[in-house]
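# Observations on chain architecture
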Amino acid sequence: MEMILRLEKVSAYYGKKSALKEVSMSVPKKQITAIIGPSGCGKSTLLRCINSLLSEEKDASYTGDIFLGEKNTRDIEGDELRRRIGMVFQTPSPFPFSVYKNMTYAPKYNGVHSKKELDRIAVEKLKMTGLFDEVSAELDKSALKLSGGQQQRLCIARALTVDPEILMLDEPCSALDIKSSAIIEKMLAELKKTYTIIIVTHNLAQAKRIADRTVFMYDGHVIEEGPTDEIFGNPKKEETKDFLSGVFG
Amino acid sequence: MGKKLNSAFLLIITVLTAMALLVLAFVIFFIVKEALPVLETAGLSELLTGSRWMPVDYGTSGGMAFGLFNFIAGSVAVSFLAIVISSVVGLGAAMYLSCAAGERTRAFVYPVIDLLAGIPSVVYGFVGIVVMLPLFLKAGVHTGSCVLAAGILLSAMLLPFLVSSCSDTMLRAKECYMPSAEAMGISKWYAMATIVLPASWRNILFSMILAVGRAMGETMAVMMVIGNANLFPNILGKGETIASVIALEMGTAVVGSAHYHALYMAGLILMIIVFFINMGIMLLRKHLLNRGGAGNA
Ligand SMILES: Nc1ncnc2c1ncn2[C@@H]1O[C@H](COP(=O)(O)OP(=O)(O)O)[C@@H](O)[C@H]1O
Ligand SMILES: [Mg+2]
């Protein structure tokens, strides 16, 4: 199994407060890796280390090494790194433009100007997220008029417009209803043919359904990682067992 | 019990709202009633386009005249200057506060801005006379009093409100859109200019509506530095605004005289102008709502 991302002893700090403690883990290519754990255990912080957004924050920093392929991410320019590792947040946040403009915003910024190419990118990524059939007639409509689930899929499609290698999603379904979540789960299963996916989720059943690999975090530590079946079926650590059986969380 | 309380509450707020509307209607009615009699002495076209203002018959040649044109132009010019200056400076400051400044800077600057908003306008006028007019005098402006001085002073008075409301709006837009933009590798200032600013336009325009009303109506500070001469407003020359002519002359106008009614007419015209400017901004805002908040801004 080829690992596309490797973390070695990554620790993160907000001021003096430590939020990640020597986290080591790896992410297999073109699979779905779920990160689970009680809130406040450092899941979002971990994602922000991976795309280096944490170092843009005041007073926040991280130590340790993260390898994207063979390359240490510290040797990659921040913007470049974030083009290669996309991220979608919990609250759907389409830009206050039309659907089409949301889809062409980043490509334009990156220097794509031919209308044909922009159209191609927009259509291709909208199709990937299953949104194209729903919005093809109204690409000029404001993205804010879409439903919550559609908005979140648009955000995923938008993140894909820069062709990242890895797509990270931070609790992408917690603001959505069950039906919209199901659509997104199905879509992610499709997307993993093309992209490596890391998803933080509160919903254990969701992790169980879609993830190939699961990482359990607790209090800034990675307690256990492995194939999803093993983590859920046969957890080795006490904390994992307690968490999965709902003792805390 | 809860139901009774509910309907009692509803009754109270309905009555209060009705009273507010009633007061407004009464004010408008009163102003219109006191303004209209002037039309027996001077025609509407003289009022709006005439530039001779001789509201009391001193037996001078030409007799009485009620041209408000210079005052109207003065009000519009001073307000326009003030809005332009304060918008440019205010937007810059708001952009800095919302996007470049850290939490700590904001925590310090916001209270200071609120403090500025609380300073009485006569104090602004005083500072204008003591600090600004000598500078204009030195620069060669006769007596120092001029339209530009009034515009600058007024813009300083509008700034606190514009800065705090615009930076609030922009901060909210930034928190909403910036993470996604940054996560795609878009640079911060590019995202500021192309997402946060357009997303904030509607609220910024709304703040401007309030600012226009404030600017057109501001009396004391403007009066203290504009020179109060019935001249067509020239940027470095003296001028006079509707608000200042009313404030200066209402006390001496004989109740019921043409002069008295003419001043009410001036007030009515001021109200109508503010109303139309606000309508204009509102339409612009609606246009942006249909296009920008939605559509492809
Ligand atoms: N911007 C921040 N400043 C200070 N502390 C933070 C910040 N963001 C998160 N934290 C702290 O870091 C810890 C991990 O947070 P987070 O990564 O958001 O957890 P999770 O996503 O698992 O809920 C928490 O204790 C949280 O309070
Ligand atoms: Mg989180």
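Our structure's up above, just so we're on the same page.
Residues numbered from 1 in each chain as written. Chains lettered and ligands numbered in written order. Predicted model: local features only at pLDDT ≥ 70, side-chain atom pairs only at ≥ 80, totals over all residues. Heavy atoms only, no water.

### Some details on helix α7 (residues 178–191) of chain A
Residues and elements named next belong to chain A. For α7, with 14 residues, the first-to-last C-alpha span of 20 Å sits near the 20 Å given by 1.5 Å per residue. Among the residues of α7, Ser180, Ser181, Ile184, Glu185, Met187, Leu188 and Leu191 are the ones counted as buried. In a view along the axis of α7, the buried residues occupy a sector of 165 degrees, so they form one face of it. Of the exposed residues in α7, those oriented more than 90 degrees away from the buried face are Ile178, Lys179 and Lys186. Where α7 is buried, its residues touch β3 (32–36), α4 (115–128), α6 (148–160), β7 (166–170), β8 (196–200) and α8 (204–210). Two or three places before lysine 179, at the start of α7, stands the capping residue aspartate 177, its side-chain oxygen 3.1 Å from that residue's backbone nitrogen. (Helix = DSSP H or I, 4+ residues; strand = E, 2+ residues; numbered from the N terminus. Expected span 1.5 Å × (residues − 1). Buried < 20%, exposed > 50% of the residue type's maximum accessible area, 1.4 Å probe, protein only. Arc of directions from axis to C-beta. Contact = heavy atoms within 4.5 Å. Polar contact = N/O pair within 3.5 Å; in protein donor to acceptor, adjacent residues only side chain to side chain.)

### Looking at empty space enclosed by the protein
For the coordinates displayed, the defined rule picks out three cavities of 30 Å³ or more. Lining the largest cavity, in full, are Met87, Val88, Phe89, Thr91, Pro92, Ser93, Gln152, Cys155, Arg158 and Ala159 of chain A together with Ser180 and Met184 of chain B. For the lining of the largest cavity, the secondary-structure elements that each account for two or more residues are β6 (85–88) and α6 of chain A. In terms of residue count, α6 of chain A provides more of the lining of the largest cavity than any other element does, four residues in total. Tallied by class, the residues present in the lining of the largest cavity amount to seven nonpolar, four polar and one charged. (1 Å grid on protein atoms, 1.4 Å probe; cavity = no way out; pocket = protein on both sides within 12 Å on 5 of 7 lines; lining within 4 Å. Points joined across faces, edges and corners; volume = space filled by probe spheres on them. Nonpolar A, V, L, I, M, F, W, Y, C, P; charged D, E, K, R; others polar.)

### Re the site of ligand 1
All names here are of chain A. Surveying the vicinity of ligand 1 reveals the residues Tyr14, Lys17, Ala19, Ser39, Gly40, Cys41, Gly42, Lys43, Ser44, Thr45, Arg48 and Glu57. In the model, an oxygen atom of ligand 1 is placed 3.3 Å from a nitrogen or oxygen of the cysteine 41 main chain. Contact between ligand 1 and threonine 45: an oxygen atom at 2.4 Å from a side-chain N or O atom of the residue. Starting from 550 Å² of accessible surface for ligand 1 in isolation, the protein chains cover 63%. Listed by contribution, the elements that provide at least two residues to the shell around ligand 1 are β2 (17–28) and α1 (43–50). Considered class by class, the residues forming the shell around ligand 1 number three nonpolar, five polar and four charged. (Near = heavy atom within 4 Å. Areas by Shrake-Rupley, 256 points an atom, 1.4 Å probe, with all protein chains shown as cover.)

### Some thoughts on the sheet that holds strand β5 (residues 71–72) of chain A
All names here are of chain A. The four strands lie next to each other as β2-β1-β4-β5, forming an open sheet whose pairing is antiparallel. One side of each edge strand has no neighbouring strand; the edge strands of this open sheet are β2 and β5. The pairing of strand β4 (residues 60–68) with β5 spans two bridges and is classified as antiparallel. Bridged to phenylalanine 67 within β5 is asparagine 72. Sheet contacts for α1: β1 (3–14), β2 and β4; angle to β1, the most-contacted strand, approximately 115 degrees. (Pairing = 2+ DSSP bridges. Axes fitted to C-alpha atoms, helices over the stretch in contact; angles between N-to-C directions.)

### A word on the packing of aromatic side chains
Inspection of every chain in the model, using the stated rule, returns 14 aromatic pairs over all chains. An angle of 85 degrees between the planes, with centres 5.5 Å apart, marks the rings of tryptophan 53 of chain B and phenylalanine 71 of chain B as edge-to-face. Of this pair, tryptophan 53 of chain B sits in strand β1 (residues 53–54) while phenylalanine 71 of chain B sits in helix α3 (residues 69–100), placing them 18 residues apart in sequence. The pair tryptophan 53 of chain B / phenylalanine 71 of chain B is uniform in exposure class, with both members buried. Among the aromatic residues, those joined into a cluster by ring pairs are Phe95, Phe97, Tyr105 and Tyr109 of chain A together with Tyr177 and Tyr190 of chain B. Above the ring of phenylalanine 132 of chain A, the side-chain terminus of lysine 127 of chain A is found at 5.1 Å from the ring centroid. (Phe/Tyr/Trp six-rings, centres within 6.5 Å; stacked < 30°, edge-to-face > 60°. Lys NZ or Arg CZ within 6 Å of the ring centre and 35° of its normal.)

### Re the layout of surface pockets
In this structure, the largest pocket occupies an estimated 930 Å³ of space. As for the largest pocket, its lining consists of 29 residues, of which Glu56, Glu57 and Lys58 of chain A together with Lys174 and Glu182 of chain B are closest to the centre. For the lining of the largest pocket, the secondary-structure elements that each account for two or more residues are α1 and α2 (78–84) of chain A together with α3, α4 (103–117) and α6 (147–183) of chain B. No other element matches the six residues that α6 of chain B contributes to the lining of the largest pocket. For the lining of the largest pocket, the class distribution of residues is nine nonpolar, five polar and 15 charged.

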